[in-house]
Amino acid sequence: MPTTAAALDALTDLLGDRLNRSQSDRDLHGRSESHFKQMPPDAVAYPESTAEVAEIVKICHGAGLPIIGWGAGTSLEGHALAPRGGVTVDFSRMAKVLDIVPEDMVVSVQPGVTREALNTELRATGLFFPIDPGANASIGGMASTRASGTTAVRYGTMRSNVLGLEVVLADGRVIRTGTRAPKSSTGYDLTALFVGAEGTLGLITEITLKLHGQPEASRSAVCAFDTMAGAVDAVIATIQSGIPMARIEFVDTAAAAAFNKGAGTDWPDAPHLMVEFHGSEAGVIEQTERFAEIAEDFGAQGFRWAAKPEERTALWAMRHNAYRTTLQAYPGCTAITTDICVPISRLAEAVEETAAEIAASGLPGPIVGHVGDGNFHALLLPKTGDAGEWETAMKLSANMAERALRLGGTVSGEHGIGLGKTKYMRAEHGDAWDVMGAIKSALDPEGVMNPGKLLPGN
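Quantities reported herein were computed from a predicted structural model and do not represent experimental measurements.

Engineer: Whenever I open this one, the packing of aromatic side chains confuses me. Can you help?
Structural biologist: Aromatic ring pairs are described here by two measures, namely the spacing of the ring centres and the angle between the planes. Enumeration over the complete set of coordinates arrives at five aromatic pairs. Ring geometry for Phe259 versus Trp267: centroids 5.5 Å apart, planes at 80°, classification edge-to-face. A network of ring pairs unites the aromatic residues Phe277, Phe291, Phe303 and Trp305 as a single cluster. The side chain of Arg219 reaches across the aromatic face of Trp305, ending 4.7 Å from its centre. The lysine or arginine in question, Arg247, covers the ring of Trp316, its NZ or CZ lying 4.7 Å from the ring centre.

In structure tokens:
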């Protein structure tokens with residue numbers, strides 16, 4: 001078997017200066033927006049085609065060298081870190097929109113395209129790609145982590161919006177999954193297998209996506225509640241009433257206070273809901289009126305409506321910037337962010353238990369969430385370098401995961417598993433986790449694809 005040095009030399013022959021071994025570039029690809037320590041690869045490859053990706057994988061596979069895909073580096077569970085070294089494959093040079101078919105409402109893209117760049121390209125078509133995790137993530141990374149976000153309550157997650165893939169397997173073979181047809185009943189659903197596999201089964205080099213029509217009208221609002229339970233119950237009642245929400249987000253009192261301090265807002269010191277409606281002009285008006293009636297029954301007050309595009313953009317930018325805004329509000333702290341997802345019927349219980357435990361711990365821990373689909377996040381903030389507070393934060397995170405399982409949910413509705421949550425996979429999946437491991441062994445017997453993530457013994 002070739003040595004690591006020999007493999008890197010072969011990659012240099014293939015890519016020239018697009019195989020970077022500099023310490024600065026390795027360090028850049030060895031950190032993330034998560035709380036994990038730096039884990040740099042041995043080198044960073046910048047392919048420009050599927051053929052080059054296949055050759056990179058063949059060389060690394062032959063040397064037993066780990067291969068880690070890299071999109072925009074925004075993952076929150078260390079998905080793209082290199083705990084065993086190896087080669088990070090950075091897809092920033094594979095960032096083309098390949099083919100738009102407005103009649104079929106589909107688009108094919110390379111993995112390095114970001115969601116914002118894609119929607120800019122789509123503006124003239126009257127279509128858009130709705131999945132919005134907040135960060136300007138790459139489409140390849142979003143597919144690999146089965147991302148969702150603020151609009152999932154209406155448009156679904158990446159799982160329901162990816163129609164097909166091109167994937168380079170661990171031995172360098174290139175396969176295609178799915179078609180552009182709206183449905184299929186032919187064989188195993190390999191597209192679904194790779195969406196959410198976190199790069200452990202292969203590298204995605206092309207994605208075919210379902211698109212949606214840009215709504216004729218949109219309207220957003222924010223309103224305060226006397227209690228957290230009132231806000232969560234209003235969400236449940238809204239969903240059960242069949243109102244087609246485009247977004248429905250929860251912000252607790254601590255998060256509202258952080259927005260006031262870090263973003264200059266003047267929100268009341270109370271839990272809030274942030275909502276958005278899409279549709280015709282008449283439909284949006286009807287939906288907002290029905291929501292307001294329901295929310296007021298649960299104590300909503302101080303509605304602030306945003307109909308102009310710039311007003312809606314500012315409102316959702318604030319929500320998307322919650323992570324950085326909260327860090328600014330708590331200087332000297334380190335962020336440990338985690339998410340869980342539970343059935344809607346158990347949502348109020350999960351949020352209230354989590355908030356009570358965080359309050360009792362003495363740590364700052366604002367809660368926000370895409371509560372329209374039962375998914376919420378806690379941003380735990382121990383003081384940097386304080387081992388005791390760090391341990392408390394990690395215990396709170398663990399208790400959230402255990403609470404989700406107890407209530408019939410999942411340890412992550414959005415962030416994924418990566419390095420951070422493999423310890424819960426047995427409890428959530430039982431023997432099915434071993435089946436995942438068997439699939440991994442069949443497709444990647446040498447264990448070179450993103451090792452250390454997601455799977456047993458990986």
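Engineer: How should I be thinking about helix H12 (residues 322-329) in this particular structure?
Structural biologist: Given 3.6 residues to a turn, an α-helix orients residues that are three or four positions apart in the same direction. Taken residue by residue, H12 has Ala322, Thr325, Thr326 and Ala329 as its buried positions. Considered in projection along H12, the buried side chains sweep an arc of 95° and stay on one side of the axis.

Engineer: Would you take a moment to explain the environment of Gly69 for this structure?
Structural biologist: Mapped onto the secondary structure, Gly69 falls in strand S3 (residues 67-70). In this structure the C-alpha to C-alpha distance between Gly69 and Leu118, which are 49 residues apart in sequence, comes to 20 Å. Look past the residues within four positions of Gly69 in its chain and what remains in contact with it is Ala80, Val89, Phe91 and Leu203.

Engineer: Quick question: what am I supposed to make of the environment of Ala117 here?
Structural biologist: As for its position among the elements, Ala117 is in helix H4 (residues 115-122). A residue is classified by how much of its surface remains accessible, and Ala117, at 40% relative accessible area, is partly exposed. Remark: the alpha-carbon pair of Ala117 and Ile139, spanning 22 residues in sequence, is separated by 10.0 Å.

Engineer: I'm lost on the packing of helix H8 (residues 228-240) against helix H10 (residues 281-297) in this one. Help?
Structural biologist: Axes are the key here: two packed helices are described by the angle between their axes and the distance separating the axes. Relative orientation of the contacting elements H8 and H10 amounts to 140°, with a least axis distance of 9 Å. With respect to H10, the element H8 is oriented oblique. Two packed elements cross with a definite hand, and for H8 against H10 that hand is right-handed. Along the contact surface, H8 presents Ala234, Ala237 and Thr238, while H10 presents Phe291, Ile294 and Ala295.

Engineer: Teacher, can you tell me more about the sheet that holds strand S5 (residues 97-101) here?
Structural biologist: Backbone-to-backbone hydrogen bonds pair the strands of a sheet. The strands run either parallel or antiparallel. Read across the open sheet, the five strands follow the order S5-S6-S10-S8-S9; overall the sheet is antiparallel. Each edge of the open sheet carries a strand with a single partner, namely S5 and strand S9 (174-178). This sheet shows a mean twist of 15° between the axes of neighbouring strands, independent of strand direction. Pairing of S5 with strand S6 (residues 106-109) involves four bridges; the strand directions are antiparallel. Residue pairing across strands places Ile100 opposite Val107, the latter belonging to S6. Packing of H4 onto the sheet brings it into contact with S5, S6 and strand S10 (202-210), and relative to S5 it is tilted by some 45°.

Engineer: How should a negative patch on the surface be read in this particular structure?
Structural biologist: On the surface, Glu286, Glu289, Glu293, Glu296 and Asp297 cluster together to form a negatively charged patch. Structurally, Glu286 is set in helix H10.

Engineer: Teacher, can you tell me more about the sheet that holds strand S14 (residues 272-279) here?
Structural biologist: Taken together, the seven strands give an open sheet; going across it, the order is S15-S12-S14-S13-S17-S18-S16, and neighbouring strands pair in antiparallel fashion. Each end of this open sheet is capped by a strand with a single partner; those strands are strand S15 (301-306) and strand S16 (336-341). Neighbour-to-neighbour, the strand axes of the sheet open up by a mean angle of 15°, direction not taken into account. Of the strand pairs in this sheet, strand S12 (residues 217-224) and S14 are connected by eight bridges, and their pairing is antiparallel. The residue bridging Ala221 from the neighbouring strand is Val275, located in S14. Sheet strands touched by H8: strand S13 (245-251) and S14. Its angle to S13, the strand with the most contacts, is close to 165°. Packing of helix H9 (residues 253-263) onto the sheet brings it into contact with S13, S14 and strand S17 (367-370), and relative to S13 it is tilted by some 90°.

Engineer: How do you make sense of the pattern of salt bridges when you look at a structure like this?
Structural biologist: Applying the stated criterion across every chain, the model contains 23 salt bridges. In this structure, Asp99 and Arg180 form a salt bridge, with 2.9 Å as the shortest nitrogen-oxygen distance. Of the two residues, Asp99 sits in strand S5 while Arg180 sits in the loop between S9 and helix H7 (190-194), which places them 81 residues apart along the sequence. Take Arg180: its relative accessible area is 32%, and that puts it in the partly exposed class.

Engineer: Could you clarify how one ought to interpret the pairing of strand S8 (residues 162-169) in this entry?
Structural biologist: Both faces of the sheet carry side chains from a regular strand, because those side chains alternate between them. Where burial is concerned, most of S8 is hidden: eight out of the eight residues are buried. Inspection of the sheet shows S8 paired to S10 by seven bridges, in the antiparallel sense. Looking across to S10, one finds that Val167 is bridged to Ile204. Bridge count between S8 and S9: five bridges; the pairing is antiparallel. Bridge pairing in S9 places Glu166 opposite Arg176. Where S8 hands over to S9, the hairpin turn is made up of four residues, of which Gly172 adopts a positive phi near 95°.

What counts, and where the lines are drawn
- Sequence positions are assigned chain by chain, starting from 1 and proceeding in written order.
- Whole-chain, interface and lining totals are the exception, using all residues; otherwise, since this is a predicted model, local features are given only for residues with pLDDT of at least 70 and side-chain atom pairs are given and counted only at 80 or more.
- Hydrogens and water molecules were not included; the side-chain quantities draw on all heavy atoms of the structure.
- We call Phe, Tyr and Trp rings a pair once their centres come within 6.5 Å, taking the six-membered ring for Trp, and we label the pair stacked below 30 degrees between planes, edge-to-face above 60, and tilted otherwise.
- Charge over a ring is defined by NZ of Lys or CZ of Arg lying within 6 Å of the ring centre and within 35 degrees of the ring normal.
- Under the scheme applied here, a residue whose accessible area is under 20% of the maximum for its type counts as buried, over 50% as exposed, and between as partly exposed, the area being computed with a 1.4 Å probe on protein chains only.
- For helices the rule is a DSSP run of H or I covering at least 4 residues; for strands it is a run of E covering at least 2, with both sets numbered from the N terminus onward.
- The directions considered for the arc are those from the helix axis to the C-beta atoms.
- The criterion used for residue contact is that any of the two residues' heavy atoms lie within 4.5 Å.
- Angles run from 0 to 180 degrees between N-to-C directions of axes, and those axes are lines fitted to C-alpha atoms, restricted for helices to the stretch in contact.
- Just so you know how the angles are binned, under 35 degrees is roughly parallel, over 145 roughly antiparallel, 65 to 115 roughly perpendicular, and the rest oblique.
- Helix crossings fall into two classes, left-handed where the near helix is turned counterclockwise from the far one by less than a right angle and right-handed where it is turned clockwise.
- Strand pairing follows a simple DSSP-based rule, namely that at least 2 bridges must link the two strands.
- A residue counts toward a patch only above 30% relative accessible area and without a salt bridge, and it is joined to like-charged neighbours within 9 Å or, for Val, Leu, Ile, Met, Phe, Trp and Tyr, to nonpolar neighbours within 5 Å.
- For accessible areas, the Shrake-Rupley method is used with a probe of radius 1.4 Å. Any residue's cover is judged against the shown protein chains and nothing else.
- Throughout this description, the term salt bridge denotes a Lys or Arg side-chain nitrogen within 4 Å of a carboxyl oxygen of Asp or Glu.
- Within this scheme the basic residues Lys and Arg register as positive and the acidic residues Asp and Glu register as negative, but His and the chain ends are omitted.
- A charge is said to be at NZ when it belongs to Lys, at CZ for Arg, at CG for Asp and at CD for Glu.

Any link to function would need more than the numbers given here.
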